[in-house]
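Reading the structure
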Amino acid sequence: MDDTPSLPPALRTLIETGRNLVGRSRVAQVGIARLDGVVVAEHRPALSRTPVAAAIKRARAETCTPLSRSEVEGALRSEWGEQPDRVLDSLDPEPIAVGPHAQVHRAEIDGRPVAVKLLRPGLAAAARSELSLLDLLGMPARMAFPALDTGALIREMRERALDEFDLEHEGEAQRRVARALAGVEGVDVAKVQLEHTTPGVLVADFVEHPLLTDPGVLDHADLEAIARTLMRVYAGALGEFGAVLANARASDVAVHPDGKAITLLHTGASRPVNRVRLEAAVGAVQALRMDEPETFGLAMKAMGLLSAADAAGAHELVRYVLGDLLTGRAVLDDRALEAIGDRAAERGDELLRLAARTMLKPEDLWVGRAIGQTVSLLARLGVEEDWVALALGDVQRGWR
C-alpha cells in the first residue's frame, strides 16, 4: 500500500518554484550543503534513497572546495585591515575543517592556539543579493498555505539567513551563551576573541578534544551524560536567556577525556523568543503528553496556531506520529526517527490539510529548526530517556 500523500496543485507549484530558485542561487546551494551532518542519510537507509540525500551530496561537492592559502590570507587581510602575520604568530595553511560557508584553520596568537573560522569570500554579499529571490515564493506560498502571513515569514527567513553569514553576530551570541552556561556542570563553550572577530572572521580558543563525529568517540563516551547535557544546553537556553539556538551539530561538540564533559566549539546564531508564547507552547506539549485535548486546544488558541476544531484533530494526530517518544521513556535513535517518518507518511494527507490551516508566527521557523537539529544530534547517541520530561524540565528550570 502506498502511503505517500497526493500533493495539492498549489503545493506542487510552490515546490517547483523553490526548485527553480535553488538552481539559480549560490546561497541556496550552501544552505542545502549545510544539511550534511544534520540529515544523516548514511545512518537512515530509507532517507539515503531519497532525492534529498542526493541533493545534499551534490551541493557539498559544489560548495566545499578548499580555499587556497592566498585566498585565505587575502580574506584575512581584507577583514583585519592589515597583514595576517601582524595579528597571528602563525597560521597552519592546511584547514582543519572545510564547510560550504566557512573554512577553519589552526593558528596561534600570543603563543596560544586558536581556531580561525573564515567565511567564504563574497558569500555575505551574495546572500544580501540573492535572498531577495525569496519574494518569488510569496504568491505560491499563499496559495498553498492561505493561513500564513507569508510576507512576514519570508522576511524572517531573510533576516535569520543574514545572521548566519555574519560571524561577528555569531561570536557575540556565543559569548552570551558561554555566560549563560557558566554554572552548568559538564559543559563549556570555546572562548571567542572578539577583538579579532569581524563579520567575516571568528577567532576562538582552539579545543584539542575529539569531536562526536570522530571515529570511536561514541564507543568510549558516557552517552547518557552527554545527552542530558546537550538537552540542558538547547532546551535550557530557552529558559535561561529567552533565546533559541538553532544550529545543533555533532561536529561542534568536543568530548573531554572523562567521556562526560563537553565543549561546544560553535553555538551558531541565536534568536530571542517571546516568553508568553513559549509558556503557551510548554502547556501545549504537556497537554499532548497527558492526553488532554481541551487543554491542548486552549494552548493552540493562546498561540494563535490553530482553531479549536483543528486543534482537536491535531492533538490525536501528533500523539500518533510521535508515539512513545512523547509519552515516556524511549530510545531516540535512527530507527525511532524512521518510525516517526513512516507514521507521518501514513497520515500524510491529514498532515498536509492541517498544515494548510496552521497560522505560524515568524519565530516559529527558528524554533522548528532548533527542535529538528537538536533531535537529529541526540539521535546519534541512541540513548533511552524520557525526552519530553527532560526538555520541559530544562526549559522551566531557567524560569526559576
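Residues numbered from 1 in each chain as written. Predicted model: local features only at pLDDT ≥ 70, side-chain atom pairs only at ≥ 80, totals over all residues. Heavy atoms only, no water.

Turning our eyes to something else, we now look at empty space enclosed by the protein. A full pass over the atoms with the stated rule returns 1 cavity of 30 Å³ or more. In this structure, the largest cavity spans a volume of roughly 40 Å³. If you trace the largest cavity, you find it lined by Gly 37, Val 38, Ala 248, Arg 249, Ala 250, Gln 373, Ser 376, Leu 377 and Arg 380. Partitioned by chemical class, the residues of the lining of the largest cavity number 4 nonpolar, 3 polar and 2 charged. (1 Å grid on protein atoms, 1.4 Å probe; cavity = no way out; pocket = protein on both sides within 12 Å on 5 of 7 lines; lining within 4 Å. Points joined across faces, edges and corners; volume = space filled by probe spheres on them. Nonpolar A, V, L, I, M, F, W, Y, C, P; charged D, E, K, R; others polar.)

What follows concerns helix α4 (residues 51–63). Taking 1.5 Å of rise per residue, 13 residues should cover 18 Å, and α4 covers 18 Å from first to last C-alpha, within 8% of that figure. Residues Ala 53, Ile 56, Ala 59 and Thr 63 constitute the buried set of α4. End-on view of α4: buried residues confined to an arc of 130°, all on one side of the axis. More than 90 degrees from the buried face of α4, the exposed residues found are Pro 51, Lys 57, Ala 61 and Glu 62. (Helix = DSSP H or I, 4+ residues; strand = E, 2+ residues; numbered from the N terminus. Expected span 1.5 Å × (residues − 1). Buried < 20%, exposed > 50% of the residue type's maximum accessible area, 1.4 Å probe, protein only. Arc of directions from axis to C-beta.)

The sheet built from 3 strands is open, its strands ordered β5-β9-β8 with mixed pairing. Bordering the open sheet on either side are β5 (187–189) and β8 (253–255), each of which pairs with just one other strand. Within the sheet, the average angular offset between the axes of one strand and its neighbour, ignoring direction, is 25°. The pairing of β8 with strand β9 (residues 262–264) spans 3 bridges and is classified as antiparallel. What sits directly across from Val 255, in β9, is Ile 262. With respect to the sheet, helix α12 (residues 223–234) is in contact with β5, β8 and β9, its orientation differing from that of β9 by roughly 35°. (Pairing = 2+ DSSP bridges. Axes fitted to C-alpha atoms, helices over the stretch in contact; angles between N-to-C directions. Contact = heavy atoms within 4.5 Å.)

Attention now moves to the pairing of strand β6 (residues 201–205). With 5 of its 5 residues buried, β6 lies for the most part within the structure. One ladder, built from 5 bridges, connects strand β4 (residues 112–119) with β6; its direction is antiparallel. Bridging from a neighbouring strand, Leu 118 pairs with Val 201 of β6.

Time to look at the packing of aromatic side chains. Ring pairs (aromatic) are described by centroid distance and by the angle formed between their planes. In this structure the tally under the stated criterion is 0 aromatic pairs. Here Arg 106 stacks its cationic end above the ring of Phe 206, 4.3 Å away from the centre of that ring. Here the guanidinium or amino end of Arg 347 rests over the ring plane of Tyr 320, the centre of that ring lying 5.1 Å away. (Phe/Tyr/Trp six-rings, centres within 6.5 Å; stacked < 30°, edge-to-face > 60°. Lys NZ or Arg CZ within 6 Å of the ring centre and 35° of its normal.)

This brings us to the packing of helix α9 (residues 150–164) against helix α20 (residues 362–379). What describes two packed helices is the angle between their axes and the distance between those same axes. For the pair α9 and α20, the least separation of the axes is 8 Å and the interaxial angle reads 50°. In terms of their interaxial angle, α9 and α20 are classed as oblique. Crossing hand, α9 versus α20: right-handed. Facing α9, whose interface residues are Ala 152, Leu 153, Glu 156, Met 157, Arg 160 and Glu 164, α20 presents Pro 362, Glu 363, Leu 365, Trp 366 and Arg 369. (Parallel < 35°, antiparallel > 145°, perpendicular 65-115°, else oblique. Left-handed = near helix turned anticlockwise from the far one by under 90°.)

Let's shift gears to the layout of surface pockets. To locate leftover empty space, one rolls a probe as large as a water molecule over the atoms. Reported here for the second largest pocket is a volume of approximately 980 Å³. Together, 38 residues line the second largest pocket, and Ala 97, Leu 211, Ser 251, Asp 252 and His 266 are the ones closest to its centre. Those elements giving two or more residues to the lining of the second largest pocket turn out to be β2 (97–98), β3 (102–109), β4 and β6. Among the residues forming the lining of the second largest pocket, the class breakdown is 16 nonpolar, 10 polar and 12 charged.

On to the side chain of Arg 277, then. Note that Arg 277 resides in helix α14 (residues 275–289). By relative accessible area, which is 11% here, Arg 277 ends up buried. Those residues in contact with Arg 277, other than ones at most four positions away along the chain, are Met 303, Leu 305, Lys 361, Glu 363 and Asp 364.

This paragraph deals with unusual backbone geometry. Positive phi values are uncommon outside glycine, yet Asp 110 reaches one of about 55°. Structurally, Asp 110 is set in the loop between β3 and β4. Unlike most non-glycine residues, Asp 291 shows phi in positive territory, near 55°. Counting through the fold element by element, Asp 291 comes out in the loop between α14 and α15 (293–303).

As far as function goes, none of this settles anything; it's purely spatial.
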